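For reference, the chains in residue letters:
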Amino acid sequence: MVHEMIDGTYRQTNLPNESPEYLAKREELRLAEIELLNTRERVAGLRRELPKGATIQDYEFVEDPTSLNDGDGPTRKVRLSELFTAPDRSLVIYHFMYGKKQTTPCPMCTAWIDGYNGVAQHIAQNVDLAIVAAADPSTLRAHARSRGWDKLRLLSAGDSTFKYDLGSEDASGHQDSTISVFTRDQDGTLRHFYSGHPWLADDIKERGIDELIPVWNMLDLTPQGRGKFYASLEYGLKVQGVQAARG
């Protein structure tokens, strides 16, 4: 029965006791899911078709030793251009809300980066990825150790205007979460390709980069939906469901 069209519905299970009402609504939902898929594909296509973005300076960042187990320091300076590991690759940078006016790590950013660390080896097949914060390297690394971020390149923006120029920091040092994509022309010219912020409009303040984290998508599958969930630093890396199952 699964993957067969029966009585006007494309069946998703082999359960024999699904009601006609359920099946009808599930079919309506399936068609809406196809529509959403097509919309996502259209949006991704529009993004890929953006014309060449603005040229940018070769920003300078501060980086500590690669391994978190190597302690802190000595720091070294690294340029944006050096974050590209090969020709024809894009560079993705997540702007972490930490440092300056953001004196504690942003819980939601932390949840995002937890996920990036888990899939870093997959992302690295196609693009280069780095995390940039306003916090100094040792402060950033201390939080990274507490989260187990051992597969990510962690950079401090140092004294550069990188975060301000890309809209993840205001003139007073208040931080915001942002994701930015950069490209490099054959002649080495650095360009900004795309930036996304949580703010899509004055009345849409926290939904602009939902797709970057699977948590929302998982919660949206359930009858309870997202509820009042908001990421927290307090539960750390503990998994409630696993703990409950183990008693």
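Before going into details, it helps to say that this report is about the structure given with it.

What counts as what
Residues numbered from 1 in each chain as written. Predicted model: local features only at pLDDT ≥ 70, side-chain atom pairs only at ≥ 80, totals over all residues. Heavy atoms only, no water. Helix = DSSP H or I, 4+ residues; strand = E, 2+ residues; numbered from the N terminus. Buried < 20%, exposed > 50% of the residue type's maximum accessible area, 1.4 Å probe, protein only. Polar contact = N/O pair within 3.5 Å; in protein donor to acceptor, adjacent residues only side chain to side chain. Core = buried A, V, L, I, M, F, W, Y, C linked by side-chain atoms within 4.5 Å. Phe/Tyr/Trp six-rings, centres within 6.5 Å; stacked < 30°, edge-to-face > 60°. Pairing = 2+ DSSP bridges. Right-handed = clockwise from strand over helix to strand, strands pointing away. Contact = heavy atoms within 4.5 Å.

1. Let's talk about the side chain of His95
At step 1: As for its placement among the helices and strands, His95 is situated in strand β5 (residues 91-96).
At step 2: Taking the relative accessible area as the measure of exposure, His95 reaches 0% and is therefore buried.
At step 3: Engagement of the side chain of His95 in a polar contact is seen with the side chain of Ser180, the distance being 2.9 Å.

2. Re the nonpolar core
At step 1: If you look at the biggest cluster of nonpolar residues, it comprises 29 residues, and the most contacted ones within it are Phe96, Tyr116 and Leu152.
At step 2: Elements represented by at least two residues in this core include exactly β5, α2 (107-123), β6 (128-133), α3 (137-147) and β8 (178-184).
At step 3: The element best represented in this core is α2, accounting for 7 residues.
At step 4: With 17 residues, the next largest nonpolar core counts Ala130, Val132, Leu155 and Leu166 among its residues.

3. Focus on the packing of aromatic side chains
Between two aromatic rings, the relevant description is the distance of the centres plus the angle of the planes.
At step 1: What the rule picks out here adds up to 7 aromatic pairs.
At step 2: On the numbers, 5.2 Å between centres and 80 degrees between planes, the contact of Tyr59 with Phe162 is edge-to-face. Taken together, the residues Tyr59 in the loop between α1 (20-48) and β3 (60-63) and Phe162 in helix α4 (residues 162-165) connect sequence positions 103 residues apart.
At step 3: On the basis of relative accessibility, which here comes to 0%, the residue Phe162 falls in the buried class.

4. A closer look at the pairing of β6
At step 1: Most of β6 sits inside the fold, with 6 of its 6 residues counted as buried.
At step 2: Burial along β6 is two-sided: Asp128, Ala130 and Val132 and Leu129, Ile131 and Ala133, pointing in opposite directions, are all buried.
At step 3: Here 6 bridges tie β5 to β6, and the two strands are oriented parallel to one another. Bridge assignment links Tyr94 to a residue of β6, and that residue is Ile131.
At step 4: One crossover worth recording links β5 to the parallel β6 by way of α2, and it is right-handed.
At step 5: Read from β6 through α3 to strand β7 (residues 154-156), the crossover connection turns out right-handed.

5. Remarks on the environment of Leu46
At step 1: Within the fold, Leu46 resides in helix α1.
At step 2: In this structure the C-alpha to C-alpha distance between Leu46 and Met1, which are 45 residues apart in sequence, comes to 37 Å.

6. Describing unusual backbone geometry
At step 1: A cis geometry characterises the amide bond from Gly73 onward to Pro74, with omega recorded as 0 degrees.
At step 2: Among the structural elements, Pro74 can be located in the loop between β3 and β4 (76-79).
At step 3: Positioned with a positive phi, His3 is a non-glycine residue whose angle comes to about 70 degrees.
At step 4: Along the polypeptide, His3 turns up in the segment before β1 (5-6).
At step 5: Positive phi is not limited to glycine here, since Asp7 has a value of about 50 degrees.
At step 6: Mapped onto the fold, Asp7 is located in the loop between β1 and β2 (9-10).
At step 7: Overall, Asp7 belongs to the exposed group, its relative accessible area being 75%.

7. Describing the environment of Phe229
At step 1: By secondary structure assignment, the location of Phe229 is in the loop between α5 (214-219) and α6 (240-246).
At step 2: Here the alpha-carbon distance between Phe229 and Thr13, two residues 216 residues apart in the chain, equals 29 Å.
At step 3: When near neighbours in sequence (up to four residues on either side) are disregarded, Phe229 contacts Val215, Trp216, Leu219 and Tyr235.

The values are spatial; any link to function lies outside them.
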